Amino acid sequence: MEQATTPARTAEPFEPRLTRIGAVDAVALEARAADLAKRSIKRGSKLEALDLIVRMIDLTTLEGADTPGKVAALCAKAMRPDPVDTSVPSVAAVCIYPTLAGEARRRVDGSGVHVASVATAFPSGQSPIAIKVAEARAALELGADEVDMVMDRGAFLSGRHAEVFDQIVKVREACGPAHLKVILETGELGTYDAVRRASLLAMAAGADFIKTSTGKISPAATLPVTLCMLEAIRDVHVETGRVVGMKPAGGIRHSKQAIQYLCVLHETLGRDWLTPQRFRFGASSLLNDVLMQIRTQKTGVYESPDRFTVD
Amino acid sequence: MTDIEPRTDGGLEWTYAPAPESRAIVSFEERYGLYIGGETVEPRSGEWFTSISPASEEPLAEVAHAGPEDVDAAVGAARSGFATWSELRPAERAKYLFRIARIIQERSRELAVAESLDGGKPIKESRDVDLPLAAAHFFYHAGWADKLEYAFPNRRPQPLGVAAQIIPWNFPLLMLAWKVAPALACGNSVVLKPAETTPLTALLFADVCRQAELPAGAVNIITGDGSTGAELVRHAGIDKVAFTGSTEVGKAIQRELAGRGVPHTLELGGKAANIVFEDCALDQAIEGIVNGIYFNQGHVCCAGSRLLVQESILEPLLGKLRNRLSTLRLGDPLDKNTDIGAINSRAQLDRITELVASGEAEGAELYQPACELPERGFWFPPTVFTNVAQSFRIAQEEIFGPVLSVMTFRTPAEAVDKANNTAYGLSAGVWTEKGSRILWMADRLRAGVVWANTFNRFDPASPFGGYKESGFGREGGRHGLEAYLRFEG
């Protein structure tokens, strides 16, 4: 009889010790998140924080009605968010559907803005794996350099964890050197225990980033669910030294909220994670609010929303 | 597998803004007399002492030191106050208690700032814990005032008379509420003596009583040190003693009361075990451990000062705990971002320092995060001792400071044995995801309160009190009422 062996990927990232899956206490987790949301940051740090938030944004449009024109406008905004104030940096990436990856690539090429394409039958993930892999590959060929895949919640919730793992591994292989973000769709997982398990599973299978939501399901990102995922990232980092990034997405519309996320990030993972290489916001309307706050910090007055471009 | 690119920028220097709560909302008088018979009176002793802020050592106000004649006057006023108060219709008594509760809520910012100034506790605790709970106690007991017959059917509950109440410095206003609210609800009058180092919120409470137009003499507040408290307990005119404080003083009170037939309830020290099983929600248990021992600088009688960890998770737990301690912020109690405030008094700081030195001398391993202590005031960094044996002083004596002693166990039975192996029995914590084990443990732990997957949670409806040398009698809930009543049925 053939000896069963542990798949290479389960063993490798968790050396020297298996990360404890453990449990999450919902009441205490939410209390901790609420407590951290009460922190206030220094006025001097605020402008820097807002600047950082801009650099962390994956500016997103994921609509059936997306067209090359819409994406072109989005890319322009991504590269120069505030045409009046050139000191405002570009965002981290634009996040679009695969068919528009080519258009996005042409628009942002050379600007440093990444092209992140969703893939693997976004948002449901309910397609045969061969199609999902092909879709990820196609997105990359069209010009994406980051792939936001969706975890197969159908498989996860029916207990087929190995299948979820294998799917992520396959997409991971298809991505090659491109960044892979795995969307857990926490709003469909039901418990923080499941969120933690899914986070560890995605990291073990090779995710570079774990991401909360597609934005198509409510609730999307919340502070407690983000804290829960950050704690999983911290555990993997402590146990294995591996660095995994985090992307809350959906529902973050205001600068104040974004700063609360950075507080939770800072308290959980420290200064090293306060960078777009390790943390992103999946958002669209957040950007204009941050731009308004930056302008306010610089000029001392709130300006009309009409003075900020709608793209 | 691609690893994430190394960081290309410097990362953000993340600093929290000083977010001080304005102290302008509180104006202390220069001098506070005694609150006797609804009036503020000069002490007949002619003596005064100064209450300082432990965070800056600045004097806040002068406070009267009540001598024997003052105690006598207060008990006399409470006696005549009792005549009026106990004859009021119960629903009328409820009305006054509701009024007091609402005034506490309305003045909660002021009272919270005063509490933090006088006692050194972080504003986020006085704002989010002490004040809401103090108001809740008055609301809760206001509800009981006209329902005592239903709480104790066919037993014809009657008030006791004049209740002498002595409270500690760790939760000055909250302990006042725990004592005064049930006493008044049951129809008793009160002579309250707040702690020497934290008299100011009790004196502001006198103003709350005035504002509520509480009948004169129902509440009397006398300030002073231990000698004032001793004089009060010695007084022949009292009908009940309620004390919260050290086991040592509790024993002295019992000696004094022996043979006098004065009912008394004592809420004394503790050395609670916080028991963490390997299957717990670890990150949340860490929060519970931190809350259990560093809440209010560890000045909590039910603090989880002994951490019992299942040996299989000791190492990851300690790693996470150290990591968490490094994010605790110690400093100005009025800053909303502060987690750990000032030690309440120099005497308490000396005691903590002495016990920590004994821990090191006995061979325990000390850990303190890098943490800058302010120059003025009384401060002690959050401290963890590992390699602690059950026989060490730091595992046996109540430290009443931000000092955690970590020990290990292998089986639930061993955890119970170790947890119960103490002279105290006030509280305990159990951290496990297994419900049946929580119940199994709670059955066996000899502690007045057992928290499961949380710590330091209080509610007026939940009785609180101890086993063994942690005292007797319960405060809160229906059980708490019983301590302020006699039964004719």
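Residues numbered from 1 in each chain as written. Chains lettered and ligands numbered in written order. Predicted model: local features only at pLDDT ≥ 70, side-chain atom pairs only at ≥ 80, totals over all residues.

Draft legend 1. Layout of the domain arrangement of chain B. Residues and elements named next belong to chain B. Here chain B is described as being made up of domain 1 (23–268 + 469–487) and domain 2 (273–460). Relative placement of domain 1 and domain 2: their C-alpha centres are 29 Å apart. With 25 residues of domain 1 at the contact, the number on the domain 2 side is 27 residues. Listing elements by their share of the side of domain 1 that touches domain 2, those giving two or more residues are helix 3 (108–119) and helix 4 (123–144). When residues in the side of domain 1 that touches domain 2 are grouped by element, the largest group, 7 residues, is from helix 4. (Domains from an automatic or database assignment. Contact = placed C-beta atoms within 7 Å. Helix = DSSP H or I, 4+ residues; strand = E, 2+ residues; numbered from the N terminus.)

Draft legend 2. Geometry of the confidence of the model for chain B. All names here are of chain B. Confidence in the prediction for chain B averages 95 pLDDT; 97% of positions are at 70 or higher. Taken as a whole, residues 1–10 scores under 50 in pLDDT and shows 17 contacts with residues more than four places along the chain or in a different chain. Two summary scores accompany this predicted model of the complex, namely pTM at 0.89 and ipTM at 0.81. (pLDDT = per-residue confidence, 0-100.)

Draft legend 3. Here's a closer look at the packing of helix 9 (residues 192–204) of chain A against helix 10 (residues 223–240) of chain A. All names here are of chain A. The geometry of helix 9 relative to helix 10 is characterised by a closest axis approach of 9 Å and an angle of 40° between their N-to-C directions. Judged by the inter-axis angle, helix 9 sits oblique to helix 10. Between helix 9 and helix 10 the crossing geometry is right-handed. Two secondary-structure elements touch here, helix 9 through Tyr 192, Val 195, Arg 196, Ser 199, Leu 200 and Met 203 and helix 10 through Val 225, Cys 228, Met 229, Ala 232 and Val 236. (Axes fitted to C-alpha atoms, helices over the stretch in contact; angles between N-to-C directions. Parallel < 35°, antiparallel > 145°, perpendicular 65-115°, else oblique. Left-handed = near helix turned anticlockwise from the far one by under 90°.)

Draft legend 4. Local environment of the nonpolar core. Core analysis: the biggest nonpolar cluster contains 168 residues, and Ile 57, Val 94 and Ala 202 of chain A together with Ile 275 of chain B have the highest contact counts within it. Broken down by element, the residue count for this core peaks at 9 residues, all from helix 10 of chain A. Here Ala 202 of chain A is in contact with Met 151, Ile 168, Val 182, Leu 184, Ala 207 and Ile 210 of chain A, once residues within four sequence places are set aside. Among the nonpolar cores identified, the runner-up in size contains 92 residues, and Ala 64, Ala 112, Ala 136 and Val 241 of chain B belong to it. (Core = buried A, V, L, I, M, F, W, Y, C linked by C-beta atoms within 7 Å. Buried ≥ 20, exposed ≤ 12 C-beta atoms within 10 Å, placed from the backbone.)

Draft legend 5. Structural detail: the sheet that holds strand 5 (residues 59–65) of chain B. Residue and element names in this part refer to chain B. Pairing within the open sheet is mixed, and its 3 strands lie in the order 1-5-4. Where the open sheet ends on each side, the last strands, each with one partner, are strand 1 (31–32) and strand 4 (47–52). With 6 bridges joining them, strand 4 and strand 5 adopt antiparallel strand pairing. In the strand pairing of strand 5, Trp 48 is matched with Ala 64. (Pairing = 2+ DSSP bridges.)

Draft legend 6. Looking closely at the interface of chain B and chain A. Taken together, the contact pairs 30 residues of chain B with 35 residues of chain A. Secondary structure elements with two or more residues in the side of chain B that touches chain A: helix 10 (282–294) and helix 11 (314–325) of chain B. It is helix 10 of chain B that provides the largest number of residues to the side of chain B that touches chain A, a total of 5 residues. Residue composition of the side of chain B that touches chain A, by class: 10 nonpolar, 11 polar and 9 charged. (Nonpolar A, V, L, I, M, F, W, Y, C, P; charged D, E, K, R; others polar.)

Draft legend 7. Main features of helix 2 (residues 26–36) of chain A. Within helix 2 of chain A the residues assigned to the buried category are Ala 28, Leu 29, Arg 32, Ala 33 and Leu 36 of chain A. Here the buried residues of helix 2 of chain A occupy an arc of 135° about the axis, which is enough to place them on one side. The exposed residues of helix 2 of chain A that point more than 90 degrees off its buried face are Val 27 and Ala 34 of chain A. Taken together, the buried residues of helix 2 of chain A touch helix 9, helix 10 and helix 11 (255–269) of chain A together with helix 10 of chain B. (Arc of directions from axis to C-beta.)

Draft legend 8. Examining the pairing of strand 5 (residues 179–183) of chain A more closely. Residues and elements named next belong to chain A. Burial runs high along strand 5: 5 of the 5 residues are buried. Looking at chain direction, strand 4 (residues 146–150) and strand 5 are connected through 5 bridges and run parallel. Note on strand 5: the bridge partner recorded for Met 149 is Val 182. As paired elements, strand 5 and strand 6 (residues 209–211) share 3 bridges and run parallel to each other. Looking across to strand 6, one finds that Lys 181 is bridged to Phe 209. Following the chain from strand 5 across helix 9 to the adjacent parallel strand 6, one finds a crossover that is right-handed. (Right-handed = clockwise from strand over helix to strand, strands pointing away.)

Draft legend 9. Fine view of the environment of Ala 72 of chain A. All names here are of chain A. Relative to the elements of secondary structure, Ala 72 occurs in helix 4 (residues 68–79). Along the primary structure Ala 72 and Ser 45 are separated by 27 residues, whereas in three dimensions their C-alpha atoms are 33 Å apart. The contacts of Ala 72, once residues within four sequence positions are left out, are Glu 103 and Arg 107.

Draft legend 10. Layout of the sheet that holds strand 2 (residues 93–96) of chain A. Residues and elements named next belong to chain A. Judged by pairing direction, the sheet is parallel, and its 8 strands sit side by side in the order 7-6-5-4-3-2-1-8 without closing on themselves. Pairing within the sheet leaves two strands with one partner each, and these edge strands are strand 7 (245–247) and strand 8 (281–283). Ignoring strand direction, the axes of neighbouring strands in this sheet form an average angle of 25°. Sheet analysis places strand 3 (residues 114–119) next to strand 4, joined by 4 bridges and oriented parallel. When the sheet's bridge partners are listed, Ala 116 is paired in strand 4 with Glu 146. The strands touched by helix 5 (residues 101–108) are strand 2 and strand 3; relative to strand 3, the strand with the most contacts, the crossing angle is about 170°.

Draft legend 11. Spatial organisation of the packing of helix 4 of chain B against helix 6 (residues 172–185) of chain B. All names here are of chain B. With their axes 9 Å apart at the nearest point, helix 4 and helix 6 run at an angle of 5° to one another. Accordingly, the angle class assigned to the pair helix 4 and helix 6 is roughly parallel. Two secondary-structure elements touch here, helix 4 through Asp 130, Leu 133, Ala 134, His 137, Phe 138, His 141, Ala 142 and Trp 144 and helix 6 through Leu 173, Leu 174, Ala 177, Trp 178, Ala 181, Pro 182 and Ala 185.

Draft legend 12. How the structure looks around the environment of Gly 245 of chain A. Residue and element names in this part refer to chain A. Inspection of the secondary structure assignment puts Gly 245 in strand 7. Looking at Gly 245, the number of C-beta atoms within 10 Å reads 20, which means it is buried. In this structure, the C-alpha to C-alpha distance between Gly 245 and Gly 300, residues 55 residues apart in sequence, is 34 Å.

Draft legend 13. Region of interest: the confidence of the model for chain A. Averaged over every residue, the pLDDT of chain A is 92; the share at 70 or more is 94%. Note on residues 1–17 of chain A: pLDDT under 50 across the span, and 16 contacts to partners over four residues away in sequence or across chains.

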